[in-house]
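Architecture at a glance
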Amino acid sequence: LQFGAFEPLRWHPQISGASLFGSDFVGDMLRELDRDLGVDVRRRPLLVISVIGVQSSGKSTLMNYLFGCSFATHVGRCTKGLYISLLETKRELIVILDTEGLLSVEARDDVFDKQVALMTMACSDLVIVNNRGELGRHVGDLFQVCLFALYHLKLARISPAIGFVLQCLSMVNQQQQYEWVATVKKSLEESVQELQQKEKPQSFRLQDLVFLDSESIFVMPSAFNDDVQFGLQVSRPTNLYALKALQLREKVFQWIGRAKASQKQRLREADSMGGATVAAAAAGTPAALPEVTAAASEGPSVSASFASLSQWYEHARTVWQTLSMCGTDLLQFRTMRQVLMAQQLQEFCDALVQKYIDERMTAESEALIERQTRELRSAKASGDVHVVDNAFRGHLDAMRDAAVQDMHHEFDEFVKAHSTKFTDDQVKNDKRFSLMGPMRRKYASVDSLWRSAVHLALEQRSMDHLFEEISARVSELLLEQGASVNVQNVERVFEEKWSQVMAEALQKQRPNLQRVVEEVVWHFNAALSNLKSQFRKAHIFHGVKALSVHEMGTDVEVCSSFLLSKKGVGDALMPPMVPGLAVNAKTQVDNLWIKLVDAMRLEVDQQGQMSDATALKILNRLNSEMESGDQLRQIMHRIGSSFVHRVFIEIARATMHYRFQIEQQNFQSRISEVLGKKQQKLWEIQARVDSGKREVHCAKVWAKTFVDTLDSHFKNAVGRMAQEITSHMANILTNPANACEMAIERSFTKRNWRHVVMYAID
């Protein structure tokens, strides 16, 4: 056995310290071993056995004694990352995995511990949990989170057996340890039942994820005896440990055999249920067929082993890429109860956002904008517009505060009603605070719509004021110059005033690319955060980082995105040399990009503006395309989360480019509309001048006609008056010759001697 072991780090020291999946060197080496050992030809079963445990618990020593490996051993941390050893026997080929110690002082973080444990569970037929002393609670908590991750990340291809090795125990109550394992198993089964409440009933069982047997416990003595020789403390290996290691080796294969037998039994039960369902369907009850068939298809494969070393390596590489993408989004939780609590609170928060923001806030804000817009139209001056604007903002703030208060109140009541379930204050506070994000984005969206309405109203007021000013000036010129007024002078005054109005309008309404970038980054980050909370549905985004404005680059880089590109996107998004990819991989990326851009255009055009829902639909389309395409999944697994992050950045940049194009088109349409109004106003002013000239001409004609008529009437009146005087005189002076005697006679009659003398003189 010792000579059959293969140590890559011994024979290939150049990869010492390198990541197992950082390059494809190990994969090439294992593929060569497949050919040299004839794995595919001999069809020997491939078993994978791994060990996990706390630091300095003797994991490497245990594997060295069990399988004749040569893993380095010394006090403190001696294994960093994951070490692989290969053992060839007559019956099978065994891959031994030695892992970095958990809960170590030098540990990177708690998430890395869970990633290592998940890596072994997803890629091994047997996971040996090596523990110094009795089993503690941290082991059960670790299994809970790993169980949840195995299911939600779809990593449960193998249902590994779990074996517990307790080291350095001189006196141990083995029955108590069996009871502890049974308690952990019961707790995990209860957690599975909680998971099934959110999935299809009986969609999976604990045995579909791991095989946990309460009898899979083995107690090992200490591997070394401490002694003092010549004043120095020395450690000597014990023969008892070697003897127990031989006994444990037999137990190891028994644990694997029981796990495979249980797996085959479950598959036989699934096959019998499927056959009964087919018979029931033939008898006329076909409704039950899809569920059982789907349940059977979701179970693990009959063979827990892999066909070759390279096949195991590809699976292990895929698992590690998935775990790396998960980051802290899923593995940050300490127990499954925390995970389920966070997921349930997230679902409740989504319902609150749908109720109070997407429905109530949207309806109330639209009604408020419509009502205040009518008041804007009736505003007579810019001051009135500002009054309406202040009133709108007061109503909007009150609306926002009321919605936030109602959301927080309902959230608190929900948590209070389930106080026994929601016990983690940090998770509750995080979810309660997360309600403010959608509200802030909704408030900003409504505020942006209102600002546009206010700008239009102020612009209309400026145009009306300008027209009134020009009309008054035209009236003054008509009074001063009359029909000789110059139309060009009027147009020149109009152009000067209009230039001022246009400069103000252009300054307020010109598209701002920086604002568009901030808006798109805001909504895409919100959609990304939403997807990261949906562990099972969107696991490809767990390794994607949130966008930043600086990451989008300059305005030139945003406007030179791949928005209009049909080819060449794969060349830009993928590294130049990626081994193991198909020839048409870049073509698949080009096709993916075309579908994403079409979906993005459709969503943006339907919504009319950017929103969380729009960004979420775009990312969901990316997720579905990556999940449904075999070659795209292969690209993602080969390149890693950096590929998804690059696609995420580019589709966000293309969205910014498209949104900015829409803003520019709307701006040009607005400019064309304003120029049309200008031409219309100019025509009205020209008509006003022409009308004024016509009025002056008509006034002259009317005045001449009036004077001529008045002169004619005057002459006629004077003639009539002269005739009347002449006729009157003729009536009075009928006999001019006797006038003197008559006058004298009348004067003497009236005794007016003065008149008598005068008449006599006359």
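Residues numbered from 1 in each chain as written. Predicted model: local features only at pLDDT ≥ 70, side-chain atom pairs only at ≥ 80, totals over all residues. Heavy atoms only, no water.

Overview of the overall build of the protein
Inclusion rule: Runs of H or I in DSSP of at least four residues are treated as helices and runs of E of at least two as strands, each being numbered from the N terminus. The buried label goes to any residue with under 20% of its type's maximum accessible area, the exposed label to any with over 50%, and the partly exposed label to all in between, with areas taken from a 1.4 Å probe on protein chains only. The contact criterion used is simple: two residues touch if any of their non-hydrogen atoms lie within 4.5 Å. All accessible-area figures derive from a Shrake-Rupley calculation using a 1.4 Å probe, and residue coverage is judged against the displayed protein chains alone.
Scanning the protein for helices and strands turns up 25 helices and nine strands. Taken across its 762 residues, the protein has 45% of its residues classed as buried. When contacts within the protein are restricted to residue pairs at least 6 apart in sequence, long-range pairs at least 24 apart make up 79% of them. Surface exposure of the protein reaches about 39,500 Å², of which carbon and sulfur atoms provide 54%.

Some words on the pairing of strand E6 (residues 161–167)
Here is the rule we go by: Two strands are said to pair when DSSP picks up at least two bridges between them.
Taken across its seven residues, E6 has seven buried, putting it largely inside the fold. Residues Ala161, Gly163, Val165 and Gln167 line one face of E6 and the alternating positions Ile162, Phe164 and Leu166 line the opposite face, and both faces are buried. Bridge count for strand E5 (residues 126–132) against E6 is seven bridges, and the pairing is parallel. Bridging across to E6, Ile128 finds its partner in Gly163. Direction of pairing for E6 relative to strand E7 (residues 211–220): parallel, over a ladder of six bridges. Within E7, the position partnered with Ile162 by the bridge is Leu212.

A few points about the side chain of His657
To keep things clear, this is the line we draw: Side-chain atoms alone can form a polar contact between residues adjacent in sequence; in general such a contact is a pair of N or O atoms within 3.5 Å, and within protein one must be able to donate a hydrogen while the other accepts it.
Note on placement: His657 falls in helix H23 (residues 641–732). In this structure the side chain of His657 is engaged in a polar contact, spanning 3.3 Å, whose partner is the backbone oxygen of Cys559. Side-chain polar atoms of His657 contact the side chain of Ser561, separated by 3.0 Å. Those residues in contact with His657 that lie beyond four places of it in its chain are Val558, Cys559, Ser561 and Leu563.

Some remarks on the packing of aromatic side chains
Operational definition: Centres within 6.5 Å are what make two rings of Phe, Tyr or Trp a pair, Trp counting through its six-membered ring; a difference in plane orientation under 30 degrees is then read as stacked, over 60 as edge-to-face, and the rest as tilted.
Scanning all chains against the criterion turns up six aromatic pairs. With 5.0 Å between their ring centres and 85 degrees between their planes, Tyr65 and Tyr241 make a pair best called edge-to-face. Taken as a pair, Tyr65 in helix H4 (residues 59–67) and Tyr241 in helix H8 (residues 239–282) lie far apart in primary sequence, 176 residues in all. On the basis of an interplanar angle of 40 degrees and a centroid distance of 6.5 Å, the ring pair of Phe348 and Phe411 is categorised as tilted. Here Phe348, found in helix H12 (residues 336–378), pairs with Phe411, found in helix H13 (residues 382–417); they are 63 residues apart in sequence, far enough to count as distant. By relative accessible area, Phe348 is classed as buried at 16%. These aromatic residues form a ring-pair network of at least three members: Phe348, Phe411 and Phe414.

Side note on helix H17 (residues 513–532)
Helical geometry: 3.6 residues make up each α-helical turn, so side chains three or four residues apart lie on a common side. Quick reminder of the rule: A helix is expected to span 1.5 Å multiplied by its residue count minus one.
For H17, which comprises 20 residues, the first-to-last C-alpha distance of 28 Å matches the rise-based estimate of 28 Å (1.5 Å per residue) to within 8%. Where H17 begins, the capping side chain belongs to Asn512, and its oxygen is found 3.1 Å from the backbone nitrogen of Gln514.

Focus: the packing of H17 against helix H21 (residues 612–628)
How we decide: Axis definition: a line fitted to C-alpha atoms, limited for helices to the stretch in contact. Angles are taken between N-to-C directions and run from 0 to 180 degrees. With respect to orientation, any angle under 35 degrees is reported as roughly parallel, any angle over 145 as roughly antiparallel, any angle of 65 to 115 as roughly perpendicular, and every other angle as oblique. Left-handed describes a crossing whose near helix is turned anticlockwise from the far helix by less than a right angle; the clockwise case is right-handed. Side-chain classes are defined by residue name, with Ala, Val, Leu, Ile, Met, Phe, Trp, Tyr, Cys and Pro counting as nonpolar, Asp, Glu, Lys and Arg as charged, and the others, Gly among them, as polar.
One can describe the packing of H17 onto H21 by two numbers: an axis separation of 8 Å at closest approach and a directional angle of 60 degrees. Relative to H21, H17 is oriented oblique. The handedness of the crossing between H17 and H21 is right-handed. Across the interface between the two elements, His523, Phe524, Ala526, Ala527, Leu528, Asn530 and Leu531 of H17 pack against Asp612, Ala615, Leu616, Ile618, Leu619 and Asn620 of H21. When its residues are assigned to classes, the contact of H17 with H21 shows nine nonpolar, three polar and one charged.

Quick notes on the environment of Val521
Position of Val521 relative to the elements: it lies in helix H17. Between the C-alpha atoms of Val521 and Val549, which are 28 residues apart in sequence, the distance is 6.8 Å. Setting aside anything within four residues of it in sequence, one finds Val521 in contact with Leu547, Ser548, Met552 and Met656.

Quick look at the packing of helix H20 (residues 585–607) against H21
Relative to each other, H20 and H21 sit at 155 degrees, their axes nearing to 9 Å. Considering their axes alone, H20 and H21 lie roughly antiparallel with respect to each other. Both H20 and H21 take part in a crossing whose hand is right-handed. Of the residues in H21, those in contact with Leu592, Lys595, Leu596, Ala599, Met600, Glu603, Val604 and Gln607 of H20 are Thr614, Lys617, Ile618, Arg621, Leu622, Glu625 and Met626. Split by residue class, the contact of H20 with H21 holds eight nonpolar, two polar and five charged.

Concerning a nonpolar patch on the surface
Put simply, the rule reads: Only residues above 30% relative accessible area that lack a salt bridge enter a patch, with like-charged residues linked at up to 9 Å and the nonpolar side chains Val, Leu, Ile, Met, Phe, Trp and Tyr linked at up to 5 Å. Take a side-chain nitrogen of Lys or Arg and a carboxyl oxygen of Asp or Glu: if they are within 4 Å of each other, that pair is a salt bridge.
A contiguous nonpolar patch, built from Leu240, Leu243 and Leu246 and spanning about 280 Å² of accessible area, is present on the exposed surface. Its relative accessible area of 47% is what places Leu246 among the partly exposed residues.

With respect to the pattern of salt bridges
This model, assessed by the stated rule, comprises 23 salt bridges. Asp397 serves as the salt-bridge partner of Arg400, at 3.8 Å between the closest nitrogen and oxygen. In this pair, Arg400 and Asp397 are both assigned in helix H13, three residues apart and thus about one turn of the helix distant. In this structure Asp397 comes out as partly exposed when scored by relative accessible area, which is 26%. Between Arg451 and Asp447 there is a salt bridge, and its shortest N-O distance comes to 2.3 Å. Residue Arg451 and its partner Asp447 are both found in helix H15 (residues 436–481); the two are separated by four residues, about one turn of the helix. Residue Arg451 is classed as partly exposed on the basis of its relative accessible area, which comes to 32%.

Some remarks on the nonpolar core
Considering soluble globular proteins, one finds that nonpolar side chains tend to be buried as a cluster. How we decide: Side-chain atoms within 4.5 Å link the members of a nonpolar core, which is a set of buried Ala, Val, Leu, Ile, Met, Phe, Trp, Tyr and Cys residues.
Counting residues in each nonpolar core, the largest one holds 50 residues, and the members touching the most others are Phe524, Phe541, Met600, Met626 and Phe643. Mapped by element, the contributors of at least two residues to this core are H17, helix H19 (569–573), H20, H21, helix H22 (630–639) and H23. Top contributing element to this core by residue count: H23, with 12 residues. Among the nonpolar cores identified, the runner-up in size contains 49 residues, and Met29, Ala117, Cys123 and Leu142 belong to it.

Notes on H21
Spanning 17 residues, H21 covers 24 Å between terminal C-alpha atoms, matching the ideal 24 Å at 1.5 Å per step. Among all positions in H21, only Thr614, Ala615, Ile618, Leu619, Leu622, Asn623, Glu625 and Met626 are buried.

Some details on the confidence of the model for the protein
Regions with low pLDDT carry predicted coordinates that are not meant to be interpreted in detail. As a reminder of what qualifies: Summary of the metric used: pLDDT quantifies the predictor's per-residue confidence within the range 0 to 100.
Of the residues in the protein, 77% reach a pLDDT of 70 or more, and the chain-wide mean stands at 75. Looking over the protein, one finds the lowest element-wise mean pLDDT in helix H9 (residues 289–298), namely 32, and the highest in H13, namely 88. Across residues 1–20, where pLDDT falls below 50, the model places 40 contacts with residues more than four positions away in sequence or in other chains. Counting interchain partners and residues more than four positions distant, the pLDDT-below-50 stretch residues 276–304 has 27 contacts.

Here we look at the pairing of strand E2 (residues 46–53)
Counting buried positions over the eight residues of E2 gives eight, a clear majority of the element. In terms of strand pairing, E2 meets strand E4 (residues 93–99) through six bridges, oriented parallel. Paired with Leu47 across the two strands is Ile94, which belongs to E4. Looking at chain direction, E2 and E5 are connected through five bridges and run parallel. Across the sheet, Val51 pairs through a bridge with Ile128, a residue of E5.

Observations concerning the environment of Gly163
Positionally, Gly163 belongs in strand E6. Excluding residues that lie within four positions of it along the chain, Gly163 makes contacts with Leu126, Val127, Ile128, Val129, Ser216 and Trp255.

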